[in-house]
Amino acid sequence: MSAEPIAPSSASGSSQDVLEWWRNGVIYQVYVRSFQDSDGDGVGDLDGVRSRLPYLRSLGVDGVWLNPFYASPQHDHGYDVADHRAVHPEYGDLDAFDRLVRDAHRLDIKVIVDVVPNHCSIEHPWFEEAVAAGPGSPERGRFHFADGRGEYGELPPNNWRSIFGGPAWRRISEPDGSPGQWYLHTFAPEQADFNWRDPDVADHFEEVLRFWLDRGVDGLRIDVAHGLHKREGLPDHPFAIDDELTGDPVNPYAWNQPEVHDVWRSWRALAEGYSERTGRPRALIGEVGLLDAAQLADYQRPDELHQCFFFEFLRAPWDAEEFSKVIDRGLGTVAAAGSPVAWVLNNHDMPRSVTRYAGGAPGVAHGDIDLGLTRARAAALLMLALPGSAYLYQGEELGLPEVTDLPDHVLTDPMFRRTDGARRGRDGCRVPLPWAAGQDSFGFSPLGTPVPTWLPQPEWFAHHSVDRQLGSGESMLQLYREAIAVRRRVPALSSVRFRWLPADSGVVAFTRGDGVACVVNCSPRPVCAPVGSQLLLGSDPEVGEKLPPNTAGWFLLEVAR
Ligand code: NOJ
């Protein structure tokens, strides 16, 4: 562990930080489909999100990131975009979006939308035109179409595998009905990869960015930002291990090509232009699935993306040494390069932290959920004490465990079918939220809604409902509210200054600014709070002079009093 204070370039707590909200912001991820249904179809929508803005205001978050709500056949719940500038009817329309932005801004909540530049739906007009136009046409040039191998072109053009399972290629029928070319899809076959070497693609996305920036959004979350370009010539990839087996981007020819950085430079320049003209900073947040922190840092150079999710933190097990190593890597590479780290414990793609920390097999067995919840409370204090921004995923503040026993027939994630059930997929973290314990659908849909929620909610969701948690001082929801409020109130917690404290094995301990310490006890023994300190906030009522196992605390140090 490094003992040196780490102070990335920006001056924290300064007026620049107030302006550059993303540097320290707590952002709440809304999976629109599962947040709040306003019109009784069992599916969440934009008006539903709008109706819950007061909830988000009282939680204290600085902004919301909305998962894709665009026109889409929903094969990957909106990450298969058919029209980037239209709202899918299940989620509302552009007026509903404008109302949402207006009301969010009135409450001083920033709005971030998702942009999906690596691929589009095969129902996108460009893809339909490409199929109709035939081999060698400029329309096909916007995607990766190629002839198959084998005597009759019956084999895929190369050995790439899809992240969601199976080959990364699908064969089409040509307009005359004959078996035709193949197209590349690094995700589901319903998601065709764009060819970013075709200038039409960059032009199209520039229009898309302008469209949403003109509508007032404060930030753009960029899907698969390490994708976009593929190695010229699409050669066979050299590893025995592949994307299909790991679910990670390991194919060196499909991901992280150097040309992609030019795209981020041009998007950054465009975003900065908007920030300067309007006086409202607009931020680009990358979803970069690369596991190498140094490579990740490259995407956050001062003229590229403003920040990228730091997934190593989410992937770390409940282990002090692992947490410390990962934090060191985040601060030592990403933050040291000048970009604030975007810490994340949960999102719509990963099993929920309560279940991950429960000691069972993540996403499969429950383990000890009480233990998982106790640890997830402590992890929340850990994340919210780190320098940088924090991204919460809806339901994290309710301590929702993963729903691990959804029956096969309700599962919708393409991953489940593409892997013949070997991977159950991500539905378990996308079950509609419980708002009110005593109501049908736990208040997710309006009273009297005759249709079920799009994924079934388990009975035990009642215990996690918002109304019950608001009535209990010790609930997870109250902990998140308090932690976010303390983080705002105590200047040390928005300082960039970070220093490790000497600690026993199994304990993570550091200070922020001049006088606040965060201690997380991952060991099986109680540990002492810093000498002479005063408790600011504990993850558990028993945290005081001692921290029991699996708890965390924020302490005001003597020097600061
Ligand atoms: C990453 C998104 O987070 C995930 O939900 C989606 O399936 C893939 N990108 C493909 O767009």
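Given the structure is predicted, the values throughout are model-derived calculations rather than measurements.

Rules used in this analysis
- Residues numbered from 1 in each chain as written.
- Predicted model: local features only at pLDDT ≥ 70, side-chain atom pairs only at ≥ 80, totals over all residues.
- Heavy atoms only, no water.
- Helix = DSSP H or I, 4+ residues; strand = E, 2+ residues; numbered from the N terminus.
- Rg over C-alpha atoms; globule rule 2.2 N^0.38 Å.
- Buried < 20%, exposed > 50% of the residue type's maximum accessible area, 1.4 Å probe, protein only.
- Areas by Shrake-Rupley, 256 points an atom, 1.4 Å probe, with all protein chains shown as cover.
- Lys, Arg positive; Asp, Glu negative; His and termini not counted.
- Charge placed at Lys NZ, Arg CZ, Asp CG, Glu CD.
- pLDDT = per-residue confidence, 0-100.
- Contact = heavy atoms within 4.5 Å.
- Near = heavy atom within 4 Å.
- Polar contact = N/O pair within 3.5 Å; in protein donor to acceptor, adjacent residues only side chain to side chain.
- Nonpolar A, V, L, I, M, F, W, Y, C, P; charged D, E, K, R; others polar.
- Domains from an automatic or database assignment.
- Salt bridge = Lys/Arg side-chain N within 4 Å of Asp/Glu carboxyl O.
- Phe/Tyr/Trp six-rings, centres within 6.5 Å; stacked < 30°, edge-to-face > 60°.
- Lys NZ or Arg CZ within 6 Å of the ring centre and 35° of its normal.
- Pairing = 2+ DSSP bridges.
- Axes fitted to C-alpha atoms, helices over the stretch in contact; angles between N-to-C directions.
- Expected span 1.5 Å × (residues − 1).

To continue, consider the overall build of the protein chain. Helix and strand counts for the protein chain stand at 16 helices and 22 strands. Computed over C-alpha atoms, the radius of gyration of the protein chain comes to 24 Å, within 12% of the 24 Å expected from 2.2 N^0.38 for 561 residues, which places it in the range of a compact globule. Considering only C-alpha atoms, the protein chain reaches an extent of 80 × 55 × 50 Å along its principal axes. The burial tally for the protein chain puts 61% of its 561 residues in the buried class. Accessible surface, the protein chain: about 20,600 Å² in total, of which carbon and sulfur atoms supply 52%. Treating the 52 positive side-chain charges of the protein chain as one cloud and the 80 negative ones as another, the clouds have centres 5 Å apart.

If pLDDT is low for a region, its predicted coordinates should not be looked at in detail. Taken residue by residue, the protein chain gives an average pLDDT of 94. The fraction at 70 or more is 95%. Low pLDDT, under 50, characterises residues 1-14; the predicted model gives this stretch 31 contacts beyond four residues in sequence or across chains.

This paragraph deals with the site of the ligand. Taken together, 14 residues lie near the ligand, and Asp 76, His 119, Asp 223, His 348 and Asp 349 sit nearest. Side-chain polar atom of Asp 349 to an oxygen atom of the ligand: 2.5 Å apart, as the coordinates give it. Contact distances for the ligand include 3.0 Å between an oxygen atom and a side-chain N or O atom of Arg 426. Contact with the protein chains removes 97% of the 290 Å² of surface that the ligand exposes when unbound. When the residues that make up the shell around the ligand are grouped by side-chain class, the tally is four nonpolar, three polar and seven charged. Mapping the shell around the ligand onto the domain boundaries places at least three of its residues in each of domain 1 (15-118 + 195-235 + 254-470) and domain 2 (125-193).

Turning our eyes to something else, we now look at the pattern of salt bridges. Scanning the model with the defined rule gives 39 salt bridges in all. Residue Glu 20 is joined to Arg 23 by a salt bridge in which the shortest nitrogen-to-oxygen separation is 2.7 Å. With its nearest N and O atoms 2.8 Å apart, the salt bridge here joins Asp 248 to Arg 315. With a gap of 67 residues between them, Asp 248 in the loop between helix H7 (243-246) and helix H8 (260-278) and Arg 315 in helix H10 (residues 311-315) connect regions that are remote in the sequence. A cluster of three or more residues bridged by salt bridges with shared partners is formed by Asp 47, Arg 50, Arg 99, Arg 102, Asp 103 and Arg 106.

Now for the packing of aromatic side chains. Scanning the entire structure with this criterion turns up 35 aromatic pairs. With centroids separated by 5.2 Å and ring planes inclined at 85°, the aromatic side chains of Phe 127 and Phe 143 adopt a geometry described as edge-to-face. Of this pair, Phe 127 sits in helix H5 (residues 125-133) while Phe 143 is found in the loop between H5 and strand S7 (145-146), placing the two residues 16 residues apart along the sequence. Phe 143 carries the same exposure label as Phe 127, and that label is buried. An aromatic cluster is present here, built from Trp 126, Phe 127, Phe 143, Phe 145, Tyr 183, Phe 194, Trp 196, Phe 205, Trp 264 and Trp 267 joined pairwise through their rings. Lying over the aromatic face of Trp 255, Lys 230 brings its terminal NZ or CZ to 5.9 Å of the ring centre.

This part is about the sheet that holds strand S14 (residues 342-344). The sheet built from eight strands closes into a barrel, its strands ordered S1-S2-S5-S11-S12-S13-S14-S15 with parallel pairing. Strand-to-strand twist in this sheet, taken as the mean axis angle between neighbours without regard to direction, amounts to 25°. The pairing of strand S1 (residues 26-30) with strand S15 (residues 389-393) spans four bridges and is parallel. Its bridge partner being in S15, Val 26 is matched across the sheet by Ala 390. Along the sheet, H8 makes contact with strand S5 (110-115), strand S11 (219-222) and strand S12 (283-286), crossing S12 at roughly 150°.

Our next topic: H8. For H8, spanning 19 residues, the distance from its first C-alpha to its last is 28 Å, which sits close to the expected 27 Å at 1.5 Å a residue. Residues of H8 that are buried include every one of Val 260, His 261, Val 263, Trp 264, Trp 267, Arg 268, Leu 270, Ala 271, Gly 273, Tyr 274 and Ser 275, and no others. On the buried face of H8, the contacting elements are S5, helix H6 (199-214), S11, S12 and helix H9 (293-298). Gly 279 sits one or two positions beyond H8 and adopts a positive phi of about 70°.

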